[in-house]
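Here is what each chain is made of, one letter per residue.
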Amino acid sequence: MASLAPTNSTSEASMTTAPPQPPPIPSTDHLERVSYLFGYPIAHSLSPLLHGTIYESLSLNYAQHLYPSQTLEPCLELMRTPKFFGASVTMPFKVAVIPHLDMLTPEGEAIGAVNTVFLRNSPSGKRLLCGTNTDCIGIREAVLQNTPKEISATMKGKPGMVIGGGGTCRAAVYALVQFLECSEIYLVNRDRSECEQVISECVSKGFGSNLRYISSLAEAQSLAAPAVIISAIPDFPPKTAAEIETRAIITEFLGKQAGVILEMCYHPSPDTAVARIARDSKWQVIEGTEAMIWQGLEQDKVWLRRRVSALPVEKVKSIVRAKLEAGRARL
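- Looking at an unreviewed UniProt entry, the protein chain carries the name Aminoacid dehydrogenase-like, N-terminal, with the source organism given as Glarea lozoyensis.

**Focus: the layout of surface pockets**
And step 1. Estimated volume of the largest pocket: approximately 1600 Å³.
And step 2. Forming the boundary of the largest pocket are 39 residues, of which Ser 45, Thr 90, Tyr 266, His 267 and Met 292 lie nearest the centre.
And step 3. Among the elements that make up the lining of the largest pocket, the one with the highest residue count is helix α12 (residues 288-304) (five residues).
And step 4. Of the residues belonging to the lining of the largest pocket, the class tally is 20 nonpolar, 14 polar and five charged.
And step 5. Counting only domains with at least three residues in the lining of the largest pocket, you end up with domain 1 (33-132 + 291-329) and domain 2 (137-286).
And step 6. In this structure, the second largest pocket encloses a volume near 390 Å³.
And step 7. Lining the second largest pocket are 18 residues, with Asn 189, Arg 190, Ile 233, Pro 234 and Glu 243 sitting closest to its centre.
And step 8. The biggest single contributor to the lining of the second largest pocket is helix α10 (residues 241-254), with four residues.
And step 9. Tallied by class, the residues present in the lining of the second largest pocket amount to eight nonpolar, four polar and six charged.

**Notes on empty space enclosed by the protein**
And step 1. Under the criterion given, the structure shown has one cavity of 30 Å³ or more.
And step 2. Put simply, the largest cavity is a space of about 40 Å³.
And step 3. Lining the largest cavity, in full, are Ile 233, Pro 234, Asp 235, Phe 236, Arg 247, Glu 263, Thr 272, Ala 273 and Val 274.
And step 4. Taken together, the residues that form the lining of the largest cavity break down as five nonpolar, one polar and three charged.

**Some details on the UniProt feature "domain: Shikimate dehydrogenase substrate binding N-terminal" (unreviewed entry) in the protein chain**
And step 1. The UniProt record annotates "domain: Shikimate dehydrogenase substrate binding N-terminal" (unreviewed entry) at residues 37-117.
And step 2. Span residues 37-117 is 30% helix and 25% strand, its end C-alpha atoms 10 Å apart.

**Concerning helix α2 (residues 47-57)**
And step 1. Along α2, the residues that are buried comprise Ser 47, Pro 48, Leu 50, His 51, Thr 53, Ile 54 and Tyr 55.
And step 2. Where α2 is buried, its residues meet β1 (33-39), β2 (62-68), β3 (84-89), α12 and α13 (313-329).
And step 3. Two residues or fewer past α2, Ser 59 is found with a positive phi of approximately 55°.

**Observations concerning the sheet that holds strand β11 (residues 260-263)**
Strands belonging to one sheet form pairs held by backbone hydrogen bonds; the direction of such a pair is parallel or antiparallel.
And step 1. One open sheet accounts for six strands, arranged β9-β8-β7-β10-β11-β12; its pairing is parallel. Two strands bound the open sheet, and with one partner strand each, they are β9 (211-213) and β12 (284-287). Taken over all neighbouring pairs, the strand axes of this sheet differ in orientation by 20° on average, direction set aside.
And step 2. In this sheet, β9 lies alongside strand β8 (residues 185-188) in parallel orientation, the contact comprising three bridges. Looking at the pairing, Ile 185 lines up with Leu 211 of β9.
And step 3. Contacting β7 (160-163), β8, β9 and β10 (228-231), helix α7 (residues 167-179) crosses the sheet at an angle of about 175° to β7.

**Concerning the packing of α10 against helix α11 (residues 273-280)**
And step 1. One can describe the packing of α10 onto α11 by two numbers: an axis separation of 9 Å at closest approach and a directional angle of 25°. Judged on the interaxial angle alone, α11 and α10 are roughly parallel. Relative to α11, α10 is oriented so that their crossing is right-handed. Residues Arg 247, Ile 250, Thr 251 and Leu 254 of α10 lie in contact with α11, whose contacting residues are Ala 273, Val 274, Ile 277 and Ala 278.
And step 2. Broken down by class, the residue content of the contact of α10 with α11 amounts to six nonpolar, one polar and one charged.

**Focus: the packing of aromatic side chains**
And step 1. Under the criterion given, the structure shown has 10 aromatic pairs.
And step 2. Here the aromatic rings of Tyr 36 and Phe 38 are separated by 5.6 Å at their centres, their planes lie at 15°, and the arrangement is stacked. The burial state of Tyr 36 is the same as that of Phe 38; both residues are buried.
And step 3. Between Phe 38 and Tyr 67, the aromatic rings sit 6.0 Å apart at their centres with planes inclined by 90°, giving edge-to-face as the arrangement. In this pair, Phe 38 sits in strand β1 while Tyr 67 sits in strand β2, placing the two residues 29 residues apart along the sequence.

**Some thoughts on the domain arrangement of the protein chain**
And step 1. Each assigned domain of the protein chain is listed with its residue range as follows: domain 1 (33-132 + 291-329) and domain 2 (137-286).
And step 2. In this structure, domain 1 and domain 2 have C-alpha centres spaced 26 Å apart.
And step 3. The partner domain 2 presents 18 residues to the 12 residues of domain 1 that form the contact.
And step 4. Counting the surface lost from both domain 1 and domain 2, the interface buries some 1300 Å², and carbon and sulfur atoms represent 68% of this.
And step 5. Taken together, the links from domain 1 to domain 2 amount to one salt bridge.
And step 6. The salt bridge involving Lys 205 is made with Glu 109; its shortest N-O contact spans 3.3 Å.

Scoring rules and cut-offs
Residues numbered from 1 in each chain as written. Predicted model: local features only at pLDDT ≥ 70, side-chain atom pairs only at ≥ 80, totals over all residues. Heavy atoms only, no water. 1 Å grid on protein atoms, 1.4 Å probe; cavity = no way out; pocket = protein on both sides within 12 Å on 5 of 7 lines; lining within 4 Å. Points joined across faces, edges and corners; volume = space filled by probe spheres on them. Helix = DSSP H or I, 4+ residues; strand = E, 2+ residues; numbered from the N terminus. Nonpolar A, V, L, I, M, F, W, Y, C, P; charged D, E, K, R; others polar. Domains from an automatic or database assignment. UniProt positions renumbered as here; feature names shortened; annotations may be inferred. Buried < 20%, exposed > 50% of the residue type's maximum accessible area, 1.4 Å probe, protein only. Contact = heavy atoms within 4.5 Å. Pairing = 2+ DSSP bridges. Axes fitted to C-alpha atoms, helices over the stretch in contact; angles between N-to-C directions. Parallel < 35°, antiparallel > 145°, perpendicular 65-115°, else oblique. Left-handed = near helix turned anticlockwise from the far one by under 90°. Phe/Tyr/Trp six-rings, centres within 6.5 Å; stacked < 30°, edge-to-face > 60°. Buried area = accessible area lost by both parts, 1.4 Å probe. Salt bridge = Lys/Arg side-chain N within 4 Å of Asp/Glu carboxyl O.

This is the structure we're talking about:
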């Protein structure tokens with residue numbers, strides 16, 4: 001019987017460090033055009049369902065395929081294929097893909113990360129790969145579409161707040177500064193260095209002059225209440241001293257004058273600890289599914305060159321929510 005142990009020519013180290021093989025390319029023979037979601041892990045993404053609902057409603061023989069890859073090169077190859085018309089991009093490629101693009105929109109350039117690749121033609125007819133960031137649009141629309149105008153209008157000139165320091169943080173800051181016109185942005189996060197990096201990057205891009213890391217509960221107690229909060233952290237109970245202090249800061253701000261909070265964490269449930277604290281303090285809580293849906297609609301606006309108002313917005317919302325509820329029911 002052959003041994004299953006590695007031979008002398010193949011060490012365990014070389015086996016674990018070998019580059020992952022790209023997945024097989026999904027067949028597109030039956031499609032007129034195709035888009036992809038590039039990233040890893042993406043198995044549970046609702047992106048193909050969202051976009052497929054739009055294409056079916058518009059009688060387009062288009063589809064979006066998942067392409068879970070940990071290496072960028074095979075994704076770039078798919079972008080060069082004739083039927084390709086666009087891509088959703090998630091981690092770990094939101095920054096890595098930028099040097100391979102021909103141009104960026106102002107949002108993509110300012111945020112320094114793209115979640116959408118689309119095609120345009122140069123004056124000479126050359127096919128151009130372009131990048132943008134629709135996450136900031138998703139955040140903006142999630143707030144504006146779910147908030148009465150008389151309330152959303154009061155956000156201008158008031159402080160805003162972002163909880164977290166990851167990739168969504170930059171898009172959230174951009175939305176609060178550029179679209180909602182908040183006067184100052186509080187950054188609350190267990191890791192100060194992450195927020196300092198966000199501040200440095202946003203300053204270098206021209207929209208970070210009024211960002212402020214909140215370092216202590218005492219500092220939070222001395223500040224005015226934010227009118228709008230974007231929460232972009234996982235729903236884990238605080239354990240370390242830094243996490244406990246961060247939760248206390250969040251609770252302090254939510255205990256001030258109530259406003260609007262967008263809870264970006266919706267999987268496995270939108271009923272997060274932060275959302276519960278906010279509701280108990282009479283804040284309006286908007287689920288992160290709204291941001292996900294609106295950023296996806298913005299992607300199809302770019303890819304299809306159609307107004308969002310011409311897309312089946314309510315049908316998309318209904319199907320995505322039903323899928324999420326069915327998944328939660330099985331938990």
